[in-house]
Amino acid sequence: MSVVTPGDNPARQRLRKALQRAPLFADLEAHSMVAVERELTLLVLPGGAPLFRQGEPADAVYVVASGCLGVFRHEEEGNPDEPLLMAEIPPGNIVGEMSLLSHSQRTRSVAALRDSEVWRLARGSFDKLTSRHPEVLPTLMRSVAVRNAMGPTKRRRQPRTFAILPTGVSTPAARFAVMLAAALGRIGSQVQMLGPESMDRDPEWFARCETESSFVLYRGDPTATEWTELCLRQADCLVVVRAADDDLPTRLPFEIETAQSGAVFHRRRELVLLHEGHDPKPGTTAPMLAGGLYGQHHHVRLDIHADVDRLARLLTGHAVGVVMAGGGARAFTHIGVIKALRTSGVPIDQVGGTSMGAIVAASVASRWPDDEIASHFRAAFVDSNPLSDYTLPLISLYAGRRVTRLLRLSFGEKEIEDLILPFFCVTANLTTSNADIHTVGKLWRWLRASVSIPGVIPPFNEAGEVHVDGGVIDNFPVRAMRRTGRGVTIGVDIDTGGALAAGAGVMEPWSPWQFFRRLIWKRNETLPIPSIVAILLRSALVASAARAAEDRQAADLLIVPPMTHIDLLDWTSFDAAVEVGYRTTMEALDKAKATPTGARLFVA
């Protein structure tokens, strides 16, 4: 932050425009306005620099003349290094007046979201102004009251300005930037792309570019040039781009931003891995992720425009996420849901799920076509029963080796990070009593953990912790998807009601002799008591039933196919379950078309 002595220059002209709009000064007469101007001191704030911090004494009020400030609240719980953006302060507004009026400490932190010009009016000058012109106080109080009434924004602020930062001169960043601009243009009405030729423009010009455009792309240099530094300060989101086949160590072009001392906030950082004509090779993605430095990474094949469109939606909060619940054989209905979404033109940009829902979600994230999804699941569950390798029941009824073999055969040694679509699955961590969300690691291993029904399949052990079927804690992880803040969430829940019943005349458990008689004389009739596998599966899902009711409220579009006529272990009802999912989804989409949610689902 630097202090500039004002003269009759462009900065002074921008100040006068701001004063005419600011509620504290708008009604002052000309001679009073001139007197106020003399009391103001210009502060030039680089993007990311703090104006003041929460807890500091209130010693001034500020007028924003250009750029944009952000008001941040520091959470006592959660991650204190990631404050919540409460509001934006554009030019023509004042900030800091509430604490000054109440003679209290700053209750929020304020920082420049991009290069900004801010004019400071010290407490003494503010007190003189309000004593000489008491008529400004009612206007000021109304402004404060309106701001308090509005409260914090309930939806996460989505980025509108992006810095494209190539990691080296060989990165096809220019080609990518053109493709991304076109994809953003299909979301917003106008996109501006700015390069080094804009270096000498003033903050007001950049602000005007943002005002006149839906999105602005700053094409950074592959090295830390003066222009790259400006891109870092102006952008809401830093998009680091590298060729996925490049074996050279990644140079982080935003090291300046990372190392900036005293920053109130850090911009969102995304990694884009560019591929030419092929999917990521198993195990190649994790080494490029820089130890969790990025908020999300994206695989983009430059020969497939749909990948760039998906990236644009994920970057701007216009993505569609699909969450799939667990539910044994009833989860086959997810296959029909996916087919219906694809048929209707609804994009699927990210997926997540629990237990069997997680396996279907993984097949979608692997970009399997509809017929391949159906054939894989039919071969695995209908043509051969994976729950048939009985073992000595010390830990579980089944050894789980067939489930493991099927998962490894289907997904190979691919890691979650290698999937084209962002993906997560849920396990119940019995060691910590938490529902763990998995976004990294060997895919088949965490899928195997997510379907480990307690007592039926052996638990999965990792780093000394015991994981079982995620349905024990969170069978319908809609809120995990919502926390990504990327757009609309479609939740597909499995109604597990009616999954367990006994014959009306059965009062006590049967003896071995009763079982034997039944198998000999009435072996073609359904047993009037539930099997131990059905009991264990239903018991695993009961605990998360209440939570699922709350999760249903969190979904933007909820789909619950009627499945109570299908048993949780009836693998032979595959076709019926798929058909119910398809039909229910098509009906739900028809109803959604007339709603605001529907307008955000369908791609033109």
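Per an unreviewed UniProt entry, the protein chain is named Cyclic nucleotide-binding protein, and its organism is Reyranella soli. Database annotation for the protein chain, UniProt heading Sequence similarities (unreviewed entry): "Belongs to the NTE family."

### Description of the packing of helix H6 (residues 173-185) against helix H10 (residues 305-316)
Packing of H6 against H10 leaves a shortest axis separation of 9 Å and a crossing angle of 65°. With respect to their mutual orientation, H6 and H10 come out roughly perpendicular. Between H6 and H10 lies a crossing whose hand is right-handed. Each of Phe176, Met179, Leu180, Ala183 and Leu184 in H6 lies in contact with H10, whose residues at this interface are His305, Val308, Asp309, Leu311, Ala312, Leu315 and Thr316.

### Thoughts on the packing of aromatic side chains
Each aromatic ring pair is summarised here by two numbers: the centre-to-centre distance and the angle between the ring planes. Evaluation of the coordinates by the stated rule reveals 14 aromatic pairs. A centroid spacing of 5.2 Å and a plane angle of 10° characterise the contact between Trp368 and Phe411, whose relative ring orientation is stacked. Pair noted here: Trp368 is in the loop between helix H12 (356-365) and helix H13 (370-382) and Phe411 is in helix H14 (residues 401-411), with a separation of 43 residues, a long-range link. Taking the relative accessible area as the measure of exposure, Trp368 reaches 8% and is therefore buried. Site record: aromatic cluster; members linked through ring pairs are Phe332, Phe377, Phe381, Trp571 and Phe574. A cation over an aromatic ring shows up here: Arg445 above the ring of Trp444, its NZ or CZ 5.7 Å from the ring centre.

### Regarding the pairing of strand S14 (residues 319-324)
S14 sits mainly inside the fold: 6 of its 6 residues count as buried. Residues Ala319, Gly321 and Val323 line one face of S14 and the alternating positions Val320, Val322 and Met324 line the opposite face, and both faces are buried. As defined by bridge partners, S14 adjoins strand S20 (residues 487-492) across 6 bridges and the pair is classed as parallel. Each bridged residue has a counterpart across the sheet, and for Met324 the counterpart in S20 is Val492. Both S14 and strand S15 (residues 350-354) contribute to a ladder of 4 bridges, which runs parallel.

### A few points about the side chain of Asp349
Tracing the sequence through the fold places Asp349 in the loop between helix H11 (333-343) and S15. For Asp349, the side chain forms a polar contact with the side chain of Arg313, separated by 2.8 Å. Filtering out sequence-adjacent residues up to four positions away, Asp349 remains in contact with Arg310, Arg313, Leu314, Ala319, Val320, Leu421 and Pro422.

### Focus: the environment of Arg330
Structurally, Arg330 can be placed in the loop between S14 and H11. Spatially, the C-alpha atom of Arg330 lies 9.6 Å from that of Gly581, the residues being 251 residues apart in sequence. Looking at Arg330, its side chain comes within polar contact range of the main-chain oxygen of Asp495, at 2.5 Å.

### Re the UniProt feature "active site" (unreviewed entry) in the protein chain
Annotation from UniProt places "active site" (unreviewed entry) at Ser355 and Asp469. A maximum C-alpha distance of 5.9 Å is found for the annotated residues, which run over 115 residues; spatially they form one tight group. Take Ser355: it is sitting in the loop between S15 and H12. Under the relative-accessibility criterion, Ser355 is labelled buried at 7%. In contact with Ser355, other than residues within four places in its own chain, are Gly326, Ser450, Val451 and Asp469. In this fold, Asp469 is placed in strand S19 (residues 465-469). Beyond its immediate sequence surroundings of up to four residues, Asp469 is in contact with Thr354, Ser355, Ala428, Ala449, Ser450, Val451, Ser452, Ile453 and Pro454. Of the polar contacts made by the side chain of Asp469, one reaches the side chain of Ser355; its length is 2.8 Å.

### What about the sheet that holds strand S8 (residues 161-166)?
Pairing between the strands of a sheet is mediated by backbone hydrogen bonds and can be parallel or antiparallel. One open sheet accounts for 6 strands, arranged S9-S10-S8-S11-S12-S13; its pairing is parallel. The outermost strands of the open sheet, each flanked by one partner alone, are strand S9 (191-194) and strand S13 (296-301). Each neighbouring strand pair of the sheet contributes to a mean axis angle of 25°, computed without reference to strand direction. Pairing of S9 with strand S10 (residues 215-219), which is carried by 4 bridges, proceeds in the parallel orientation. Counted as the bridge partner of Leu194 is Tyr218 from S10.

Cut-off values and rules
- Residues numbered from 1 in each chain as written.
- Predicted model: local features only at pLDDT ≥ 70, side-chain atom pairs only at ≥ 80, totals over all residues.
- Heavy atoms only, no water.
- UniProt positions renumbered as here; feature names shortened; annotations may be inferred.
- Axes fitted to C-alpha atoms, helices over the stretch in contact; angles between N-to-C directions.
- Helix = DSSP H or I, 4+ residues; strand = E, 2+ residues; numbered from the N terminus.
- Parallel < 35°, antiparallel > 145°, perpendicular 65-115°, else oblique.
- Left-handed = near helix turned anticlockwise from the far one by under 90°.
- Contact = heavy atoms within 4.5 Å.
- Phe/Tyr/Trp six-rings, centres within 6.5 Å; stacked < 30°, edge-to-face > 60°.
- Buried < 20%, exposed > 50% of the residue type's maximum accessible area, 1.4 Å probe, protein only.
- Lys NZ or Arg CZ within 6 Å of the ring centre and 35° of its normal.
- Pairing = 2+ DSSP bridges.
- Polar contact = N/O pair within 3.5 Å; in protein donor to acceptor, adjacent residues only side chain to side chain.

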